[in-house]
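A closer look at the structure
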Amino acid sequence: MTAAVETHTRPHGCDSVRARLSYEPQSAAAARRLVRTTLPGWELEDLVEAGELIVSELVVNAVKTGCRRRMTVAVERTTDRCVRISVRDGSRVLPCLIDAGPAAESGRGLALVHHLTGGHWGATPEPYGKTIHADLRTRSPAPA
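Everything numeric here is computed off the predicted structure, so don't read it as measured data.

So, how was this worked out
- Residues numbered from 1 in each chain as written.
- Predicted model: local features only at pLDDT ≥ 70, side-chain atom pairs only at ≥ 80, totals over all residues.
- Heavy atoms only, no water.
- Helix = DSSP H or I, 4+ residues; strand = E, 2+ residues; numbered from the N terminus.
- Buried < 20%, exposed > 50% of the residue type's maximum accessible area, 1.4 Å probe, protein only.
- Arc of directions from axis to C-beta.
- Contact = heavy atoms within 4.5 Å.
- Pairing = 2+ DSSP bridges.
- Salt bridge = Lys/Arg side-chain N within 4 Å of Asp/Glu carboxyl O.
- pLDDT = per-residue confidence, 0-100.
- Axes fitted to C-alpha atoms, helices over the stretch in contact; angles between N-to-C directions.
- Parallel < 35°, antiparallel > 145°, perpendicular 65-115°, else oblique.
- Left-handed = near helix turned anticlockwise from the far one by under 90°.
- Nonpolar A, V, L, I, M, F, W, Y, C, P; charged D, E, K, R; others polar.

Quick look at unusual backbone geometry
One non-glycine residue, E43, lies in positive phi territory at about 60°. By the element assignment, E43 lies in the loop between α1 (27-38) and α2 (48-63).

Next up, the structure:
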């Protein structure tokens, strides 16, 4: 079964791409593909690997909520050097950063998001769910 993807791009000058995905494990692959094909077009190739990890974690967490409608995955270029990756799902349960022990089988995903974004992530409750976002930045250019 393949995750359904509807992609919409805003008009030129406002860089944003969205996809509506089903709550299936296969949706993580579709979300990674969205990041992998979008960021190079914005000349942000150096963010692709981290972006794929982040979006995959956020989508997998959304899949675990048990919602039945569609989630929305967005990749937005907020500055020349920053993108916001977000996932809106139908659950109002907010994520919690935990300290998973070495023997834990899960619980490290948000710690990875926290590390990759330098702590620039968060959640916004909404009337019928929430949006989790993660801001990913390129490294500052080296001084000349």
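Resuming the write-up.
Considerations on helix α3 (residues 109-117)
Burial in α3 covers these residues: G109, L110, V113 and T117. Projected onto a plane normal to the axis of α3, the buried residues spread over an arc of 95° and lie on a single side. Contact partners of the buried residues in α3: α2, β5 (121-126) and β6 (129-137). Backbone geometry just after α3 places G118 at a positive phi near 65°.

Points about the pairing of strand β4 (residues 82-89)
Buried residues dominate β4, accounting for 6 of its 8 residues. Taken together, the 7 bridges between strand β3 (residues 70-79) and β4 define a ladder with antiparallel strand orientation. The residue bridging V75 from the neighbouring strand is I85, located in β4. Where β3 folds back onto β4 in an antiparallel hairpin, the turn is made up of 2 residues. Bridge count between β4 and β6: 8 bridges; the pairing is antiparallel.

Re the pattern of salt bridges
If you walk through the whole model with that rule in mind, you get 5 salt bridges. R18 serves as the salt-bridge partner of E76, at 3.8 Å between the closest nitrogen and oxygen. Highlighted residues: E76 in strand β3 and R18 in strand β2 (residues 16-22), separated in sequence by 58 residues. The partner of R84 in a salt bridge is D135, and the shortest N-O contact between them spans 2.6 Å. One end of the pair, R84, is in strand β4; the other, D135, is in strand β6, and 51 residues separate them in sequence. You can call D135 buried: its relative accessible area is 10%.

As for the side chain of S56
Within the element layout of this structure, S56 appears in helix α2. Ignoring any residue separated from it by four or fewer positions in sequence, one finds S56 in contact with A28 and R32.

Quick word on the confidence of the model for the protein
Per-residue pLDDT for the protein has a mean of 85; in total, 81% of the residues score no lower than 70. Between residues 1-12, whose pLDDT stays under 50, and residues either more than four places distant or in other chains, the model counts 31 contacts.

Some remarks on the packing of α1 against α2
Across the interface, α1 lies against α2 with an axial gap of 8 Å and an inter-helix angle of 150°. By the angle between their axes, α1 is roughly antiparallel relative to α2. Handedness of the α1/α2 crossing: right-handed. Each of S27, A28, A31, R32, V35 and R36 in α1 lies in contact with α2, whose residues at this interface are V48, G51, E52, V55, S56, V59 and V60. Among the residues forming the contact of α1 with α2, the class breakdown is 7 nonpolar, 3 polar and 3 charged.

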